[in-house]
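In case you want the letters, here they are:
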Amino acid sequence: QVQLVESGGGSVQAGVSLKLSCAASSHFFNDGYCMGWFRQVPGNEREGVAVMFTGDGTTYYADFVKGRFTISQDNVKNALYLQMNTVEPGDTAMYYCAADLAACAYGLGIPGDYEYWGQGTQVTVSS
């Protein structure tokens, strides 16, 4: 059964803002998991975007989104968010929510280290 469900993607114009949501099982937040966002373009490797260690709130961002994207959580709603500001055509990708107990010990971590994944939400940015 799917434990992470993304939503909020869509087709938008460059320069606007978009907010992605990830509905997750409560234990991911309560038990101090790494939770984050990854993205992938067909034919390319999946890459980390932003990750949060929910144990203490530490966040990590990929260089290409620093200053534009913000990751946050809502423990009451059991949700993870990615606020995307000033989106660019290069942000076009399938965005995935992921969780793991230890993958972000030293930073974003790599996709292969994350155990739990959602099915993705597509973001398409036109110029």
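Residues numbered from 1 in each chain as written. Predicted model: local features only at pLDDT ≥ 70, side-chain atom pairs only at ≥ 80, totals over all residues. Heavy atoms only, no water.

Q: Explain the environment of G32 to me, and be specific about the residues and the numbers.
A: With respect to the helices and strands, the residue G32 is situated in the loop between α1 (26-30) and β4 (34-40). A residue is classified by how much of its surface remains accessible, and G32, at 16% relative accessible area, is buried. Along the sequence, G32 and M52 sit 20 residues apart, while their C-alpha atoms lie 9.8 Å from each other. In contact with G32, other than residues within four places in its own chain, are F53, T54, G55 and L101. (Helix = DSSP H or I, 4+ residues; strand = E, 2+ residues; numbered from the N terminus. Buried < 20%, exposed > 50% of the residue type's maximum accessible area, 1.4 Å probe, protein only. Contact = heavy atoms within 4.5 Å.)

Q: For the packing of aromatic side chains, give the residues involved together with the corresponding values.
A: Taken as a whole and assessed by the stated rule, the structure comprises seven aromatic pairs. Ring centres of F38 and Y114 lie 4.9 Å apart, and the angle between their planes is 65°; on these two criteria the pair is classed as edge-to-face. Remark: Y114 occurs in the loop between β9 (93-100) and β10 (116-117) and F38 occurs in strand β4; sequence separation between them is 76 residues. Residue Y114 is classed as buried on the basis of its relative accessible area of 4%. For the pair Y96 and W117, a centre-to-centre distance of 6.3 Å together with 80° between the ring planes defines the contact as edge-to-face. Here Y96, found in strand β9, pairs with W117, found in strand β10; they are 21 residues apart in sequence, far enough to count as distant. Site record: aromatic cluster; members linked through ring pairs are F38, Y96, Y114 and W117. Taking NZ or CZ as reference, K19 lies 4.5 Å from the ring centre of Y81, over its face. A cation over a ring is seen here: R46 above Y96, with NZ or CZ 3.8 Å from the ring centre. (Phe/Tyr/Trp six-rings, centres within 6.5 Å; stacked < 30°, edge-to-face > 60°. Lys NZ or Arg CZ within 6 Å of the ring centre and 35° of its normal.)

Q: Pulling in residues and values, what's your account of the side chain of E6?
A: Considering the arrangement of structural elements, one finds E6 in strand β1 (residues 4-7). No salt bridge is formed by the buried E6; its nearest oppositely charged neighbour, R46, is found at 7.5 Å. Here Q119 takes part through its backbone nitrogen, which lies 3.1 Å from a polar atom of the side chain of E6. Only 2.9 Å separates the side chain of E6 from the backbone nitrogen of G120, close enough to count as a polar contact. In contact with E6, not counting residues within four places along its chain, are S21, C22, W37, Y95, Y96, C97, G118, Q119, G120 and T121. (Lys, Arg positive; Asp, Glu negative; His and termini not counted. Salt bridge = Lys/Arg side-chain N within 4 Å of Asp/Glu carboxyl O. Polar contact = N/O pair within 3.5 Å; in protein donor to acceptor, adjacent residues only side chain to side chain.)

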